[in-house]
Amino acid sequence: MKNGKTGFVWHELYMWHNTGNYAGPIPYGNPVQPGVHVENPETKRRFRNLLEVSGLYDSLEKIQPRNATEEEILRFHTPEYLEKIKTLSESDGGEAGFATLVGRDSYNIALLSAGGVLAGLEAIMSGQVQNAYALVRPPGHHALPDTGMGFCLLGNAVITGKHAIEHFGLERIATVDWDVHHGNGTQTGFYNDPRALTISVHQDCCFPPDSGHIHENGEGEGEGFNINIPLPAGSGVGAYEAAFDRVVVPALQAYKPQLIIVPSGFDAGDFDPLGRMQMHSGGFRSLTKKLMAVADEVCDGRILMCHEGGYNAETAPFYGLAIVEQLSGIQTGVEDPFLGLMAAQSGQTLLPHQDKMIAEAEKLLGKLS
Ligand code: ZN
């Protein structure tokens, strides 16, 4: 039943996950001078702040996060990994995997992050809201069963997708990951499972290395239900829109999920230090609109977005505002001051080498119908 409300998940503790003194994404230590970890609170805090300053925050249905339970987490992660990050978190922290810091109390914050996405799911499934954005931290889409990776501790989207299936009894869910990096953890969580269609649109061969290739299409019973669209570096809004129009939307129409989860990173945005794409707020608004249209068609508008990457603190809040405006149907009238600059750059239209890549991905649709 549609009620049109948009939920928003947030907790101040998300900002207290301390990733320490890396030099961007790299550990410091001679010859690398200590700096600031690229996955720090600033981008996300500014996103939430802009929602408030724009006035949109007041119109959103606030959803209180809860802690994910061990049972929910162990549907994806190993007990040994959970114990490892718990132990690190109770001392002075350490590394849970490549570029992935555990700070003091990070274990509990990670439980609240995964639990925030679960709370968003619960609000959607109960009919409290139509769709929701969970602005959680730490992110999740690179985390693997037995290790953290790429700043991600727990696989928030996988844990939530499995809960939708196991607890709420959904027969088909879909994930559409638009973070600039491959959603390898989400892919892993459902690689053999036909109950989840996992789609990742990302920059070709960016992170993790040698991951997210088009031939990674699922295995066993899950064969055909994992779709990677590795767009060439430099892709702009035209390439993203074409990927959605020609692959993502038709795949969702064929599969007919009962819920769409969107691991939502903003690092495909122009100016991002960890990506080389050219998305802008108009592009994110457009992709959200396309997802909402297909969600209306197949799953009563149920879309759950969970926050992932995005490392340009000045521009990312405007992507978030555009997305949440679109989800809620409320226009604040706040203009994105970066939009004109980004939209005017060359390469925003679909280019032949990008078109060729998307045409390859289109061939995967045959397996879904
Ligand atoms: Zn990313």
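Residues numbered from 1 in each chain as written. Predicted model: local features only at pLDDT ≥ 70, side-chain atom pairs only at ≥ 80, totals over all residues. Heavy atoms only, no water.

**Student:** Where do I start with the coordination of the zinc ion in this structure?
**Tutor:** Six octahedral donors at a metal ideally form angles of 90 or 180 degrees, and four tetrahedral donors ideally form angles of 109.5 degrees. D179 (OD), D179 (OD), H181 (ND1) and D267 (OD) make up the full set of protein donors to the zinc ion, lying at 2.0 to 2.7 Å. Classification of the site at the zinc ion as irregular follows from its 4 donor atoms and the range of 53 to 153° in their angles at the metal. One chain supplies every donor to the zinc ion, and in sequence these donors are spaced D-x1-H-x85-D. Taken together, the residues span a long stretch of sequence, with D179 in the loop between β7 (173-177) and α6 (184-190) and D267 in the loop between β10 (260-264) and α8 (281-299) at a distance of 88 residues. Overall, D179 belongs to the buried group, its relative accessible area being 1%. Under the relative-accessibility criterion, D267 is labelled buried at 0%. (Donors = N, O, S within 2.8 Å, 3.2 Å for Na, K, Ca; no water. Tetrahedral: all angles 85-135°; square planar, octahedral: opposite > 155°, others 65-115°. Helix = DSSP H or I, 4+ residues; strand = E, 2+ residues; numbered from the N terminus. Buried < 20%, exposed > 50% of the residue type's maximum accessible area, 1.4 Å probe, protein only.)

**Student:** Looking at this model, I keep getting lost on the packing of helix α7 (residues 237-255) against α8. Mind explaining?
**Tutor:** Helix packing geometry: the angle between the two helix axes and the distance between the axes. Relative to each other, α7 and α8 sit at 10°, their axes nearing to 10 Å. By the angle class used here, α7 and α8 are roughly parallel. Of the residues in α8, those in contact with V237, Y240, E241, F244, D245, V248, V249, L252 and Q253 of α7 are G283, S286, L287, K290, L291, V294, E297 and V298. Partitioned by chemical class, the residues of the contact of α7 with α8 number 10 nonpolar, 3 polar and 4 charged. (Axes fitted to C-alpha atoms, helices over the stretch in contact; angles between N-to-C directions. Parallel < 35°, antiparallel > 145°, perpendicular 65-115°, else oblique. Contact = heavy atoms within 4.5 Å. Nonpolar A, V, L, I, M, F, W, Y, C, P; charged D, E, K, R; others polar.)

**Student:** Got a minute to help me understand the pairing of β10 in this structure?
**Tutor:** Looking along a regular strand, one sees the side chains alternate between the two faces of the sheet. Extensive coverage of β10 is indicated by the burial of 5 of its 5 residues. Of the two faces of β10, the one carrying I260, V262 and S264 and the one carrying I261 and P263 are both buried. Sheet topology places β7 next to β10; 2 bridges connect them, and they run parallel. Directly across from A174, in β10, lies its bridge partner I260. Relative to strand β11 (residues 303-307), β10 runs parallel, the two being bridged by 5 bridges. (Pairing = 2+ DSSP bridges.)

**Student:** Explain the pairing of strand β8 (residues 196-203) to me, please; I cannot follow it from the model alone.
**Tutor:** Judged by how many residues are buried, β8 sits mostly within the fold: 8 of 8 residues are covered. Handedness of the crossover joining β7 and β8 through α6: right-handed. Here β8 runs beside strand β9 (residues 226-231); their pairing, made up of 6 bridges, is parallel. Counted as the bridge partner of I199 is I227 from β9. (Right-handed = clockwise from strand over helix to strand, strands pointing away.)

Remember, this is a structural readout, not a statement about activity or role.
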